[in-house]
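The primary structure of each chain is shown beneath.
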Amino acid sequence: MSSPAPNTAAQARMSSGIEGLDEILDGGLDADRVYLVEGQPGSGKTTLALQFLLEGARQGERTLHICLSESGPELQLIAERHGWSLSGIELFDLSSSEASLDPDDELTVFQPSAVELSETTTGIIERIKAIKPTRVVFDSLSEMRIFAQSPLRYRRQIMALKHFFTTQRCTVLLLDDLSSQGGDVPLHSLAHGVVLLEQNPVDFGAERRRLRVIKMRGIQFKGGYHDFTIRRGGLEIYPRLIAAEHHKRFLGEFTQSGNGEMDALLGGGLERGTNALFIGPAGVGKSTLALTFAVAAANRGDHAVIFAFDEGRGTIDARAKAIGLDIEPLVAAGTLRIEQIDPAEMAPGEFAHLVRSSVERDQACIVVIDSLNGYLNAMPDERFLILQMHELLSYLSQMGVVAILLLAQHGLVGPMETPVDISYLSDAVLMLRYFEAEGRVRRALSVLKKRSGAHEDTIREYQLTSGGIRLGPPLTDFSGIFTGSPTYTGTQKPLMPKPSHD
């Protein structure tokens, strides 16, 4: 990544028309430069270019789209489907309106008048001189490559065009579909910046799109891959989250669950800027426990958000009602938000962007991720889950947010397997388990770890009742609770009676 001097007011930046790309480029593009945007067909190059021109039109600039690969009507159709009007953009259509199939023609796609490279170049130069645009899109270089017919002539022509553009005080995007074998690396040296768009299929779900800035002369940019999507309205780019860039001053006061017994077990609650991992088998009560923290925060007037990978809104509503919580007024007031996530349709970068928006836009103080198992399904490889989660948790910590992560173990009783181990990233770990005693399936809870302060180290039975979560006394006369089949060695009965509503 380039490392130039800091950006100053004298170095005017030009917005790309895409907020996420401007963030990646630390404010936008340098004006009066030539940039290369490359990617396979369908990766989003033309859409990005149109957004670049539309931004210029919004600012009252003259803009020009040189059409070689797609005709003017085709561009109009693309714009209409995005809800755009191209009335402020000059279209210079050099594409063929009548394809020739005469085998005697030198080429069979373009009209004979458009085949000659010099004539095409002359037409482009004359049009630019006539309208003096501030922004130009050249779509695309693959047609120029066909016209030139030889790599040497092609590169010479592109170099000549670049020198011409620099004399016209215009910012140019050259689009390339990577049709040349192995890409056109020498072309990278001619451009001031190179942006690569990728479209990658996955085994299940929607394709994953990502962007990478390969080079940018004189611009400090965020390196690496950045996820993006194409929706009605254009490209939405999600810059890679870098936790070190985000800090917020906050007090490390306790965030409580609203349940005195539970808060006492945690040594007062969960401190702001920390994260807690709730781990246990499916159905043991992890989501319900996390919900109590979110609802308690919302009742205090703070903002809480639950990202539900595994369950729908109806299930969450039913769970809340079962323990006596009415979340409808909180959702209506906006202090509690429930975001249902489909991991098959959402890239990890988009999810991180949603979390960041909740924190910075909505001022969320509690973020619940339910569950990491669903998040894992959104990742192509477990290695990336650990790296992404580490960055996300670091970001939330530095913003003073309490993060609650839920992780379902494989199995219900006995030995448990965890699909991924992130306990070392967690500030607090709560273990929830089933166990059998007196012919009944019961639940036990213990705080295994809490970095930020003292906590109770006992194992307690708990119940989910219509009045909320109830904790029993410490199971001091039992051993092997977490094996699922404990041994009782005492003389008293510390077990909780069966709830009256059961």
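Here's what I pulled together on the structure shown here.

About the criteria used
Residues numbered from 1 in each chain as written. Predicted model: local features only at pLDDT ≥ 70, side-chain atom pairs only at ≥ 80, totals over all residues. Heavy atoms only, no water. Helix = DSSP H or I, 4+ residues; strand = E, 2+ residues; numbered from the N terminus. Buried < 20%, exposed > 50% of the residue type's maximum accessible area, 1.4 Å probe, protein only. Axes fitted to C-alpha atoms, helices over the stretch in contact; angles between N-to-C directions. Parallel < 35°, antiparallel > 145°, perpendicular 65-115°, else oblique. Left-handed = near helix turned anticlockwise from the far one by under 90°. Contact = heavy atoms within 4.5 Å. Nonpolar A, V, L, I, M, F, W, Y, C, P; charged D, E, K, R; others polar. Pairing = 2+ DSSP bridges. Expected span 1.5 Å × (residues − 1).

1. Quick look at unusual backbone geometry
- Cis geometry marks the peptide bond from D139 to S140; its omega dihedral reads 10 degrees.
- Within the element layout of this structure, S140 appears in the loop between β6 (135-139) and α6 (141-148).
- Residue S371 is bonded to the preceding D370 through a cis peptide linkage, with omega at 10 degrees.
- Relative to the helices and strands, S371 resides in the loop between β17 (364-370) and α14 (372-377).
- Even without being glycine, D26 reaches a positive phi, approximately 60 degrees.
- Within the secondary structure, D26 is located in the loop between α1 (19-24) and β2 (29-30).
- The exposure class of D26 is partly exposed, given its relative accessible area of 41%.
- The phi torsion at Q363 lies on the positive side, around 60 degrees, for a residue other than glycine.
- Inspection of the secondary structure puts Q363 in the loop between α13 (348-360) and β17.

2. Regarding the packing of α6 against helix α7 (residues 151-167)
- Here α6 crosses α7 at 130 degrees, and the two axes come no closer than 8 Å. Regarding the angle of α6 to α7, the classification is oblique. Between α6 and α7 the crossing geometry is right-handed. Residues L141, M144, R145, F147 and A148 of α6 form the contact with α7, whose own contacting residues are R153, Y154, Q157, I158 and L161.
- Of the residues in the contact of α6 with α7, the class split is seven nonpolar, one polar and two charged.

3. Details of the pairing of strand β11 (residues 234-238)
- Where burial is concerned, most of β11 is hidden: four out of the five residues are buried.
- Bridge analysis of strand β10 (residues 225-231) against β11 gives five bridges, and the strand direction is antiparallel. Within β11, the residue paired with F228 across the bridge is I237.
- Connecting the antiparallel pair β10 and β11 is a turn made up of two residues, with G233 showing a positive phi of about 110 degrees.

4. Examining the sheet that holds β11
- The mixed open sheet is built from nine strands, whose spatial order is β5-β4-β6-β7-β3-β8-β9-β10-β11. The open sheet has two edge strands, β5 (90-93) and β11, and neither has a second partner. Across the sheet, the mean angle from the axis of one strand to that of its neighbour is 20 degrees, orientation sign disregarded.
- Most of the contacts of helix α2 (residues 45-58) go to β6, to which it runs at about 160 degrees, and overall it touches β3 (34-39), β4 (63-67), β6, β7 (171-176), β8 (193-200) and β11.

5. Things to note about α2
- Here α2 is 14 residues long and its end C-alpha atoms lie 20 Å apart, about the 20 Å a rise of 1.5 Å per residue gives.
- Among the 14 residues in α2, 12 count as buried, and that is most of the element.
- Residues of α2 that are buried: K45, T46, T47, L48, A49, L50, Q51, F52, L53, L54, E55 and G56.
- One or two positions beyond α2, positive phi appears at G60, with a value near 80 degrees.

6. Remarks on the environment of L36
- Structurally, L36 is set in strand β3.
- Accessibility expressed as a relative area gives 1% for L36, which makes it buried.
- L36 sits 138 residues away from L174 along the chain, and the two C-alpha atoms are 4.8 Å apart.
- The residues touching L36, leaving out its near neighbours within four places in the chain, are L141, L174, D176, L187, H188, A191, G193, V194 and V195.

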